Amino acid sequence: MMTICIAGPPRSGTTLLASLLDGHPDIVVWPTEWLFYTSFWLSLPGPDTRRLVTDVTAAAMPVFEKISQPVASDRYGVEFRNSGAFDLSVFLHEMSRHSNKMVSADEYLTLMGAAFACAQPKYARHPPKYFVIKTMMSGIDWSIAGPDSKTRILWMNRPLEDSYRSQRAKFFEMKADRSVGEVRRMYHFFRDQCFALL
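Residues numbered from 1 in each chain as written. Predicted model: local features only at pLDDT ≥ 70, side-chain atom pairs only at ≥ 80, totals over all residues. Heavy atoms only, no water.

A. Local environment of the side chain of Thr57. Tracing the backbone shows Thr57 in helix α3 (residues 53-67). On the accessibility criterion, Thr57 (10% relative accessible area) is buried. If near-sequence neighbours (up to four positions away) are discounted, Thr57 is found in contact with Phe64, Leu92, Met95 and Tyr108. (Helix = DSSP H or I, 4+ residues; strand = E, 2+ residues; numbered from the N terminus. Buried < 20%, exposed > 50% of the residue type's maximum accessible area, 1.4 Å probe, protein only. Contact = heavy atoms within 4.5 Å.)

Structural data, given as structure tokens:
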């Protein structure tokens, strides 16, 4: 299974694209935005880039428990309904099969995507080929997109000026602690990182 990370600046269409891909039978989509590589993975203790699957799963349990609820809300307050389609016990059983493995971040996402598909009855007859997870532009670790990696980054490019125009009040409220110049520099940095991979 290949992992695809959808990332981009605010209001660039990442949520819309993830929703559209979720209707494809070959694709399983993680239901919420997650800063997996930065806020989560880098916060885990360890001397190198590899972690024990058991330790990572234990640290991620609050996230897994949240999305297993019949109704949950993501960071923007938008509700999604699980309706029992995702079985947490099946998911954890599948992850436990790899509990003693030392894995990298993208290897863990591959295992997580396969387990997430196994925990949903609709994929029983036709296992998906791709696992999609959405993140913010600050949630990407650009080192994962090497030629030997099973993870690919799908970058949604949109100038920040357009983002401001479409929902100026909401965007500035979210970024109240940052200057416009700082946000713009961050956008250009991640855009240039993306172009460097082409």
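B. Quick peek at the packing of helix α4 (residues 88-96) against helix α5 (residues 105-118). Remark: α4 packs on α5, axes separated minimally by 8 Å, with the N-to-C direction vectors making an angle of 140°. Considering the angle they form, α4 stands oblique to α5. Read as a crossing pair, α4 and α5 show a hand that is right-handed. Of α5, the residues touching α4 (which contributes Val90, Phe91, Glu94 and Met95) are Tyr108, Leu111, Met112, Ala115, Phe116 and Cys118. Here the residues of the contact of α4 with α5 sort into nine nonpolar, no polar and one charged. (Axes fitted to C-alpha atoms, helices over the stretch in contact; angles between N-to-C directions. Parallel < 35°, antiparallel > 145°, perpendicular 65-115°, else oblique. Left-handed = near helix turned anticlockwise from the far one by under 90°. Nonpolar A, V, L, I, M, F, W, Y, C, P; charged D, E, K, R; others polar.)

C. Seen up close, helix α1 (residues 14-21). Buried within α1 are the following residues: Thr14, Leu17 and Ala18. Along the axis of α1, the buried residues cluster in a sector spanning 100°; they form a single face. Those residues of α1 that are exposed and aimed more than 90 degrees away from the buried face are Leu16 and Leu20. Close packing links the buried residues of α1 with β1 (2-7), β2 (27-29), β7 (130-134) and β8 (151-155). (Arc of directions from axis to C-beta.)

D. Examining the nonpolar core more closely. Core analysis: the biggest nonpolar cluster contains 36 residues, and Trp30, Trp34, Phe36, Phe64, Phe91, Tyr108 and Met112 have the highest contact counts within it. Counting only elements with at least two residues in this core, the list comes to β1, α2 (36-40), α3, α4, α5, β7 and β8. Ranked by the residues each element gives to this core, the list is headed by α5, at eight residues. Not counting residues within four places of it along the chain, the set of residues in contact with Phe64 comprises Trp30, Trp34, Thr57, Phe86, Leu88, Phe91, Tyr108 and Met112. Residues Ile6, Ala18, Val29 and Val132 belong to the second largest nonpolar core, which totals eight residues. (Core = buried A, V, L, I, M, F, W, Y, C linked by side-chain atoms within 4.5 Å.)

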